[in-house]
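For reference, the chains in residue letters:
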Amino acid sequence: MSVRAEAATPPASLIRRFGRAQRWVHRTTAALMGVCVVTAACLYVPQLAEIVGRRELIVRVHEWAGLALPVPVLAGLVSRGFRADLGFLNRFGPHDRVWLRAALRRDKRRSSRPAGKFNAGQKIYAAWIAGATLVMLGTGLLMWFTHLTPLMWRTSATFVHDWLALTVGIVVAGHIGMAIGDPGARRGLRTGSVSKEWAEREHPFWRP
């Protein structure tokens, strides 16, 4: 076997977790969400607004990044692997209820938190952030096209948009914090592969 062939062969201790489509969707969505959160902070935090300036430009970047948020997921539907992962995220089993009860009791033993390819916490986060994104998109459009709706609608949309944006920022920060504490999960999203030891420890019900 040549040196190049040996280098191209993945180590036997690694297994494939995500394909190129899943990683592309995650990275692109994360980048767009990051732009939305940062520009929102620049619009609503006076200190940041003074430092950045150019409010009109920040508003336009925020609006277009928000409009583009659903695009990576819609494009990812072309991939069979991505659609399969959406099916896993949308399906709760008895082991997920066990995982949630352990999480509520703060039981950190691995044996008490069984999981398939995605654990119950990841499934809830994915469902919540998807719903929040749609609500943010809808309320943002009402705020953008002010001439299409009555004043009461625009006022209500602004209230929901602002407070939900704060909640999204907090939840996303928690998501990033948990990712920082799990190098195995980060490796899976960065390279597409994880170690067998990590998979057996964190996702014992997952059968690649």
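In what follows, the accompanying structure is described. Computed from a prediction, not measured in an experiment: that's the story for all the values here. (Residues numbered from 1 in each chain as written. Predicted model: local features only at pLDDT ≥ 70, side-chain atom pairs only at ≥ 80, totals over all residues. Heavy atoms only, no water.)

Describing the packing of aromatic side chains
Then, in step 1: For the coordinates displayed, the defined rule picks out three aromatic pairs.
Then, in step 2: Relative to Trp 144, the ring of Trp 64 lies with its centre 5.6 Å away and its plane at 85 degrees, an arrangement referred to as edge-to-face. Residue Trp 64 is found in helix α4 (residues 55-68), and its partner Trp 144 is found in helix α8 (residues 120-144); the two are separated by 80 residues along the sequence.
Then, in step 3: Given the relative accessible area of 25%, Trp 144 is considered partly exposed.
Then, in step 4: In this structure an aromatic cluster arises from ring pairing among Trp 64, Trp 144 and Phe 145.
Then, in step 5: Its guanidinium or amino end placed over the ring of Phe 118, Arg 17 lies 5.6 Å from that ring's centre, counting from NZ or CZ.
Then, in step 6: Directly above the ring of Trp 99 sits Arg 113, whose terminal nitrogen or CZ lies 5.3 Å from the centroid. (Phe/Tyr/Trp six-rings, centres within 6.5 Å; stacked < 30°, edge-to-face > 60°. Helix = DSSP H or I, 4+ residues; strand = E, 2+ residues; numbered from the N terminus. Buried < 20%, exposed > 50% of the residue type's maximum accessible area, 1.4 Å probe, protein only. Lys NZ or Arg CZ within 6 Å of the ring centre and 35° of its normal.)

Comments concerning the packing of helix α2 (residues 20-44) against α4
Then, in step 1: One way to put it is that α2 packs onto α4 with a least axis distance of 9 Å and a crossing angle of 150 degrees. Considering their axes alone, α2 and α4 lie roughly antiparallel with respect to each other. The two elements α2 and α4 meet at a crossing, and its hand is left-handed. In this structure, α2 uses Leu 32, Val 35, Cys 36, Thr 39, Ala 40, Cys 42 and Leu 43 to contact α4, whose residues at the interface are Arg 55, Ile 58, Val 59, Val 61, His 62, Ala 65, Gly 66 and Ala 68.
Then, in step 2: Classifying every residue of the contact of α2 with α4 by side-chain character gives 11 nonpolar, three polar and one charged. (Axes fitted to C-alpha atoms, helices over the stretch in contact; angles between N-to-C directions. Parallel < 35°, antiparallel > 145°, perpendicular 65-115°, else oblique. Left-handed = near helix turned anticlockwise from the far one by under 90°. Contact = heavy atoms within 4.5 Å. Nonpolar A, V, L, I, M, F, W, Y, C, P; charged D, E, K, R; others polar.)

Things to note about the pattern of salt bridges
Then, in step 1: Considering all chains together, one arrives at six salt bridges under this definition.
Then, in step 2: In this structure, Lys 123 and Asp 96 form a salt bridge, with 2.8 Å as the shortest nitrogen-oxygen distance. Note that Lys 123 is positioned in helix α8 and Asp 96 in helix α7 (residues 94-104), a separation of 27 residues in sequence.
Then, in step 3: Looking at Lys 123, the relative accessible area reads 6%, which means it is buried.
Then, in step 4: A relative accessible area of 0% places Asp 96 in the buried class.
Then, in step 5: We note a salt bridge from Glu 202 to Arg 201, for which the minimum N-O separation is 3.4 Å.
Then, in step 6: Here the salt bridges do not stand alone but share partners, grouping Glu 56, Arg 60 and Glu 63 into one network. (Salt bridge = Lys/Arg side-chain N within 4 Å of Asp/Glu carboxyl O.)

A closer look at the side chain of Asp 107
Then, in step 1: By the element assignment, Asp 107 lies in the loop between α7 and α8.
Then, in step 2: Within polar-contact distance, the side chain of Asp 107 engages the side chain of Ser 112 at 3.3 Å.
Then, in step 3: Beyond its immediate sequence surroundings of up to four residues, Asp 107 is in contact with Ala 102, Ser 112 and Arg 113. (Polar contact = N/O pair within 3.5 Å; in protein donor to acceptor, adjacent residues only side chain to side chain.)

Structural notes on helix α9 (residues 151-180)
Then, in step 1: Taking 1.5 Å of rise per residue, 30 residues should cover 44 Å, and α9 covers 43 Å from first to last C-alpha, within 8% of that figure.
Then, in step 2: Looking at the buried side of α9, the elements it contacts are α2, α4 and α8. (Expected span 1.5 Å × (residues − 1).)

Quick word on a positive patch on the surface
Then, in step 1: Together, Arg 27, Arg 186, Arg 187 and Arg 190 line one region of the surface with positive charge.
Then, in step 2: Looking at the positive patch element by element, the count peaks at three residues for helix α10 (residues 183-191).
Then, in step 3: Tracing the sequence through the fold places Arg 187 in helix α10.
Then, in step 4: Owing to a relative accessible area of 34%, Arg 187 belongs among the partly exposed residues under this scheme. (Patch = residues over 30% accessible without salt bridge, like charges linked within 9 Å, V, L, I, M, F, W, Y side chains within 5 Å. Areas by Shrake-Rupley, 256 points an atom, 1.4 Å probe, with all protein chains shown as cover. Lys, Arg positive; Asp, Glu negative; His and termini not counted. Charge placed at Lys NZ, Arg CZ, Asp CG, Glu CD.)

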